[in-house]
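Commentary on secondary and tertiary structure
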Amino acid sequence: MSQDYNYDEQGQFFPYFVLTIVGLITLPTTYSAFRKGQDLENTAPRIKSDFKPEHADLIEGQRKKQRRRERKLKRMVVAAAGWALMAGMVYLIIVTARTVPKIWDPYDVLGASRSWDEKKIKSHYRKLSLTHHPDKRQPDPAKNETADLINDEWVEMTKAFKTLTDEEVRNNYIQYGHPDGKQSFSIGIALPKFIITEGNGKYVLMLYGALLGVILPYFVGKWWYGSQKVTKEKVLVASAGNLFREYESEMTEGDLIYALSSGEEFKQILHGKSDAGLARIEQRILAEGEASPLAGGLGVKDRAKLQELDEGVRRKALGLLWAYLGRVELDDQALNDEKYEAAPTALALTDAFTSMSLAYGNTKPLLAAYHTSQNLIQAVPPRASPLLQLPRFTPAVVRAVEGETARTHLTVQDFMRIPADQRKKRTVGPGLLTEKEYNAAVQIASQLPALKVEKAFFKVVGERFVTPSSLVQFVVKARIIPPGSTNTPAVNEKDLEDVDAKEGDLDALHGRKKNDPEDAENRIQPPLAHAPFFARDHSPRWHVFLADSKQGKIAVPPFTFSTFDKPLFDEEGNPTFNVQTLKMQFGAPPHAGRYTFVMHLICDSYIGMDTKMEVTLVVEEASKAEEMEEDEEISEPEEDTLMGQMNALKKDATAKKRPRRVEDESSGSDTEGDEETESETDTDTDTDEE
Amino acid sequence: MAAEAETFTLLPLHLDPSTKAVSSSSSTTTSAALTTELTALNLLHRSLLSLDTPNGVPPPPVPVNPKRSAQIGKLRETGNTSFRKGAHADAIRMYSLGIDMALGRPGWEPSGLVREEVSGLYANRAQAHMALQQWAEGAVDAECSVEMKRVGNAKGWWRRGRCLFEMGRLEEAREWVGQALEFEAGEQDLVGLMREVEAALERRARQ
Amino acid sequence: MVNWLSLVVPFAYLTILLGSLYTFSHLYRARKLSKAASLEPWFPPHLQRNIYLTLLHLDPSESGEGGPSKVPDSVLKAALLRRATEDIHRVLQVQNAKPALQSLLQRGSVGDDLWQRFLRAEKEIQEEIKDVVAEANAFAPGWGQLIFQTANEMAQNALLRKRVEEIQAQVTAEKEWWEKKKAGIQADFMKELDEDSKATQAVPTTGRGSDDDAVLVEGGGPTAAQQQGSMKKRKKGKN
C-alpha cells in the first residue's frame, strides 16, 4: 500500500502545465495590447478643417509622442514572448509520444471474447496451456523470447483465468481493478524529474526564495507605490497637494493658471532646465500685446504673481502657459515645443482641480476650472474674445470685428448672427483676413457644436409632483445649433416632453429597457474639438450643474455628458437639429417649497457656448400632492389652490389645455428672440448665453 | 511640538527710539513682504497709541464709539440736503468725506457697520453722479455699494444697471440686472430696467 | 541525554524571526517619523509671529545708541494684534479645508502626505492660538478673550477696504473709456446730422420706439408734416 509520486520523466504533462500558465498570462496581455482604445478620442469623427497653425509640426510631434506612449510597447513584447513559448510547448506536446498505460483486461490477456461463458473460457484456457505453458514452450531466439518472458506471460494468463473463474479473485478485480486486490496508486506531478533530483534541490529552493521573497514583494510594492504616486485623476500626488493648497474660494481663471503651474509634472517636461529661456519667455509674454496690455494675456495681478515667484521650474512653467494661451511666438524650437507640451499637462491638472472645487462646493472656482479648460484647449487667454477660436483670427481681426470701444466680446454665435455682408466687410481687409481665409473661418464656425437649451424641467418618474426627498430627474432638452445656422426648424413640441415608460413596464421604469437610449452602444459622439493648437485629441464634454447663486455654492454637482442619444449631423455634415435629452438625478430637498437654482451648462472645449439659466424646483408636501392628484382626476384644480393658480397662469401664457405630466417646470426663453418662442415659459426665467 | 512653539526666525529689526517705529535694520535682505508688514504694524501702533482705554488694548467691537457714527450720519444728511437742492457737486463732496470717514474707522470696529455705512454712502454718491450724467463714476460707485452689501440693496443694483444702460453697455447691463434679479427677485424697478435693456438690445440687433 | 543542538535550532529561528520583525518595525517607524518631520509645512513662515518674537527678544544693548530702548508695550501689543490677525486667516483656511480634504482623501484625489501635513498644521495653529491668548492676558488681564474678536474684525475690515480700493481703482480707466466713446458717438451723431441736412427731407427720420416707426411707415406715405401731427396725437393718447 505505498503511495508513489510519479514525476513526469518523459516530459509528457509538463508542457501542458506550462502552456496553461503562459496562456493565462499571454491571452489577456495580447488582448489589451492590440485592442483599439475605446476612449472617446479614438472613435469620434473630426471637424473638417485644413487650417494649419504656425508650428503644426511641433504640435503634431507632441501628438505622435503621446500616441507612442499609449502604444503599450512593453505589453506587446510580453505578448510576443508568451506566444513564442506557447508555440514551443505545443511543439513539445506533438513530438512527445504518448505512453498511455494500458488497462489490465483479463479477456484481452487470454484472447477471449466477452460473450463466452465460463465453460468456454475454461476450455480455451486448457487449449492455451498446451501451447503457452512454460513447460510446453521453448524460447525462440528469433522472436527475442526468453524463458523469463514466457514464464511471465503464463503467470499473467493464469491470473486472468483465475480472475474470470475464481469467485474471490473476481471480486478483487471488480472492486480494485486488479485480481490481486488493492494496488498502490500513483500520483503524477507535471514537473520534470530533474527538479527534485538530489543535487538540484538547493537551486530549486533558491528559485522559490527569489520568487516569493524578492520578485513578488517587488511587483506588489511597485504596484502599490505606483498607484500611490498618482491620484484618481492621474496627476502626481505632489501636484494634487500643491493644487489643494492653492485653492481659494474667490479664484479667477488667472489665479487658477497660477495654481496649475505648481504641478510637479512640469519638472518632467522641463527636465530641470528651468533657467533656459526664462528671460526670453518673460520678455515676450510681458511685451505689449496687440489687443491686451500684455502679449500673454495676463492681467496686472497675474503679472505681479509671476514676478513674485522664485526663478525656477514653476516660474518657467507659468511663463510657458501664458505664452501658450497668448499664442506668443518664442522664436526657439525647444521653447516652443515645451510651450505646446505644457498645455495638455495643465489640462490634466485642471481636471484634478475640478474635483477639489467640487469638494469645497463653491461655484466660482468650479467655473474658473471649466473656463480654464476651454482656454487651454483653444489657446485663448482668460477674458479674451471667443472669436480667437476661429482659424487665423488674431487680436487685431477681433478688434476690427468688435469695434474699438467694445466692452464685451462677441461670441462665435453673435459673430455669425451679424448679417453676412456686414460680417464680411468687418473681417476682410488689408491687415485682416483674405477672402479665402474668411471663408475657411466661417466654414469652421458653422461646424462647432453649440448646444442650445430648449427646455429644462424637474420631474419624478411615475409621479406628477416632486415630493420631499424623492429622487428627482433634471431633464434638459437641447439642440445642437451650429453658429450661423439658418432655417433652423421649430422645435417639435413632442420632442420636448419626457414621457415616462408605460405603467407596469417595470423594466423600463428601472432603466432596464432593451433599447434604452442610454445604452452605451447607441450613443452618438460629437466630433472632436476643433483645437489646432492643443497637442492632443480631445472629445468635447458638456457639464451640467445646478448652483445656488446667492450663496455661490454648488447645489447639485455636475453631470458630464460626452455622447448624445441622436445623431448631431447627417452624412453630408449638415446639422440635424435633433432634440437631445440630458438627464441627471438627485435627491429632492426634504422640505416642501420653491427652490430656485441657476443651471450652468458648460462645454469644456469651446469658449462662449455656456448656458446659464434659472430653474425652479417646486417641492410639494407628499399629502398635498396626493390630494391634488385625486382632485385632478375628477375635475380641473380649483383656482384657490397654489397648483391651480399656477396651472391657470400657465394656460393663460400658453393657451394650451393638454394635460401636463410635469407640473413644476421652468423652461428657458431665449432672450435674444430666436425662432422658437413657443416654449412654455415661466415669466421669471431667462437664458443667458455668455 | 512644544519645542517648536518656542523657536522662531530672528529678523533683523530695529526700533527707532524716538518715534518707536519698527524698521528693518539690514536694508539689503529685506523682502517686500516684510516691508509691507512693518508698515502695517507701525500704522496699527499709531492708532493704538491714540486709544483712550485704560489698559491700552483695543475695546471689544461692540459697543461702538457713537461719536464717529454721528459724524458720518451728519455728513450724509448734509449730502442729501445738497442733493435735494440740486447742488450735486456739493453732495458728492459730502458723501466722499463720509466715505473716507467710514473707511477710516479703526480696524477693530465692527466691519458689518462699516459695510452698512459705506454701502449707503456709495449708493448716494452714485445717484449724485447720475444726476450729473457722470455715468462712469456712477457705475463704479454703485458697484462698490453692491459689493459692500449684496442683499437688500436693490437701489445699488439698479443704479449700476442704469449707468451701464446709459453708456450703451447693454450686454453688461443685462448680465448685471440679471444677477440683481437673482438677489432681489421681483423688484419692480429692476424688472422694468431689465425690460428696457432687452428692448434696447433687440433694437440694436435689428439695426 | 538532551539533544542540545536540536533545541537550539528552533530557539535560534524564533530569535532571528522576532529580532528581524522588531528591527523592521523600528526602522519603519523611524523612517515614517523622519518623513513626517521632513514634510513641507502647510503654511509659509509666520512673519507676524516672527516679528513679535523678535521684538520681544530685542536686546536693548544691541539696538545701540544707548538710552532706554526697551521695546514699548504698545508696539508689542500692535505686533501681537497683527499676529492674531494672521492667525485668523489661517484658522479660517484650516476650517474650510478640513471637510473638503477629508472627502478628497477618501476618494483618492489627494495623497496621505497632504493629510499628515494638514493635521500638523491644525495642531500648530491650536498651539499658536493658545500662545497668543496667553501673551495677550499677560499684557492686560482679560484681553485674551477679546483679542481674536478684535483680530477677526480687523481681518474683515482689511478685506473690505481692499475690495473698495480695487473697484475704485477702475474709475480712471472707466472714465477714459466713456469719454472716448462719448466723443465717438458725438462724432457719429454730427456726421449723421450733416448727412441728414444734406439729404432731402423726404426720408422719414427714425424716432424713438421702433414699433411706433413701423406703424408710421405702414400708415402710407404721408408728408412729413402729417407725420409730425400723428406723432403728437399719439403722444397725447399715451398720456
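Calculation notes
- Residues numbered from 1 in each chain as written.
- Chains lettered and ligands numbered in written order.
- Predicted model: local features only at pLDDT ≥ 70, side-chain atom pairs only at ≥ 80, totals over all residues.
- Heavy atoms only, no water.
- Helix = DSSP H or I, 4+ residues; strand = E, 2+ residues; numbered from the N terminus.
- Rg over C-alpha atoms; globule rule 2.2 N^0.38 Å.
- Buried < 20%, exposed > 50% of the residue type's maximum accessible area, 1.4 Å probe, protein only.
- Contact = heavy atoms within 4.5 Å.
- Areas by Shrake-Rupley, 256 points an atom, 1.4 Å probe, with all protein chains shown as cover.
- Lys, Arg positive; Asp, Glu negative; His and termini not counted.
- Charge placed at Lys NZ, Arg CZ, Asp CG, Glu CD.
- Buried area = accessible area lost by both parts, 1.4 Å probe.
- Salt bridge = Lys/Arg side-chain N within 4 Å of Asp/Glu carboxyl O.
- Polar contact = N/O pair within 3.5 Å; in protein donor to acceptor, adjacent residues only side chain to side chain.
- Nonpolar A, V, L, I, M, F, W, Y, C, P; charged D, E, K, R; others polar.
- UniProt positions renumbered as here; feature names shortened; annotations may be inferred.
- Phe/Tyr/Trp six-rings, centres within 6.5 Å; stacked < 30°, edge-to-face > 60°.

As for the overall build of chain B
Helices and strands together make up the secondary structure of chain B, namely nine helices and two strands. In sequence order, the secondary structure elements of chain B are arranged as α-β-β-α-α-α-α-α-α-α-α. Relative to the compact-globule value of 17 Å for 207 residues, chain B shows a C-alpha radius of gyration of 23 Å, a clear excess of over 25%. With the C-alpha coordinates aligned to their principal axes, the bounding extent of chain B is approximately 70 × 40 × 35 Å. Across the 207 residues of chain B, 47% fall into the buried class. In chain B, the share of contacts with a sequence separation of at least 24, taken over all contacts with a separation of at least 6, comes to 52%. Only carbon and sulfur atoms are counted for the fraction: they give 55% of the accessible area of chain B, which is about 10000 Å². Here chain B contributes 24 positively and 26 negatively charged side chains, and the mean placements of these two sets differ by 7 Å.

Some remarks on the interface of chain C and chain A
Taken together, the contact between chain C and chain A spans 23 residues of the former and 15 residues of the latter. Regarding the contact of chain C and chain A, the summed buried area is about 1600 Å², with carbon and sulfur atoms giving 58% of it. The largest per-residue losses of area from chain C upon contact with chain A belong to R107, S109 and W177 of chain C, which jointly make up 29% of the total buried on that side. The interface formed by chain C and chain A holds one salt bridge in total. Residues K301 of chain A and E166 of chain C are paired through a salt bridge, measuring 3.7 Å at the closest nitrogen-oxygen approach. For the interface between chain C and chain A, the tally reads three residue pairs in polar contact (both at pLDDT 80 or more). Elements that contribute at least two residues to the side of chain C that touches chain A include exactly α3 (73–107), α4 (112–139) and α6 (171–198) of chain C. Looking at the side of chain C that touches chain A, its residues break down into ten nonpolar, six polar and seven charged.

Observations regarding the side chain of Q447 of chain A
All names here are of chain A. As for its placement among the helices and strands, Q447 is situated in the loop between α21 (435–445) and β3 (451–459). Given the relative accessible area of 12%, Q447 is considered buried. Among the polar contacts made by the side chain of Q447, one reaches the main-chain carbonyl oxygen of Q443 at a distance of 3.4 Å. When near neighbours in sequence (up to four residues on either side) are disregarded, Q447 contacts I47, K48, P482 and F569.

Concerning the UniProt feature "transmembrane region" (unreviewed entry) in chain C
On the UniProt side, "transmembrane region" (unreviewed entry) is annotated at positions that read residues 6–25 of chain C here. Structurally, residues 6–25 of chain C comprises 100% helix and 0% strand, and the distance from its first C-alpha atom to its last is 30 Å.

Focus on the pattern of salt bridges
Tallying each qualifying case throughout the model produces 36 salt bridges over all chains. A salt bridge links R162 of chain B to E196 of chain B, with the shortest nitrogen-to-oxygen separation between them at 3.2 Å. With a gap of 34 residues between them, R162 of chain B in helix α7 (residues 154–166) and E196 of chain B in helix α9 (residues 188–206) connect regions that are remote in the sequence. Each of the salt bridges in this network shares a partner with another, and the network as a whole consists of K301 of chain A, E147 and R150 of chain B together with R163 and E166 of chain C.

Quick notes on the packing of aromatic side chains
As enumerated under the stated definition, the model contains 20 aromatic pairs over all chains in all. Seen in terms of ring centroids, Y247 of chain A and Y360 of chain A are 3.8 Å apart; in terms of plane orientation they differ by 0 degrees. Their pairing is stacked. On the criterion of sequence distance, the pair formed by Y247 of chain A in the loop between α10 (237–246) and α11 (253–260) and Y360 of chain A in helix α16 (residues 333–360) is long-range, its members being 113 residues apart. Given a relative accessible area of 15%, Y360 of chain A falls into the buried group. Each ring, one from W115 of chain C and one from F118 of chain C, has its centre 5.7 Å from the other, and the planes form 15 degrees; the classification is stacked. One end of the pair, W115 of chain C, and the other, F118 of chain C, are both in helix α4, three residues apart, so they sit about a helical turn from each other. The two residues W115 of chain C and F118 of chain C agree in class, both being buried. An aromatic cluster is defined as three or more aromatic residues linked by ring pairs; in this entry it consists of F244, Y247, F353 and Y360 of chain A together with W42, W115 and F118 of chain C.

A look at the interface of chain B and chain C
Facing 61 residues of chain B, the contacting portion of chain C comprises 51 residues. Around 4900 Å² of area is buried between chain B and chain C when both sides are counted, 66% of it from carbon and sulfur atoms. Our count for the chain B to chain C interface comes out at four salt bridges. R82 of chain C serves as the salt-bridge partner of E37 of chain B, at 3.0 Å between the closest nitrogen and oxygen. Where chain B meets chain C, there are 14 residue pairs in polar contact (both at pLDDT 80 or more). Elements that contribute at least two residues to the side of chain B that touches chain C include exactly α1 (2–6), β1 (13–15), α2 (32–49), α4 (88–103), α5 (111–131), α6 (135–148) and α9 of chain B.

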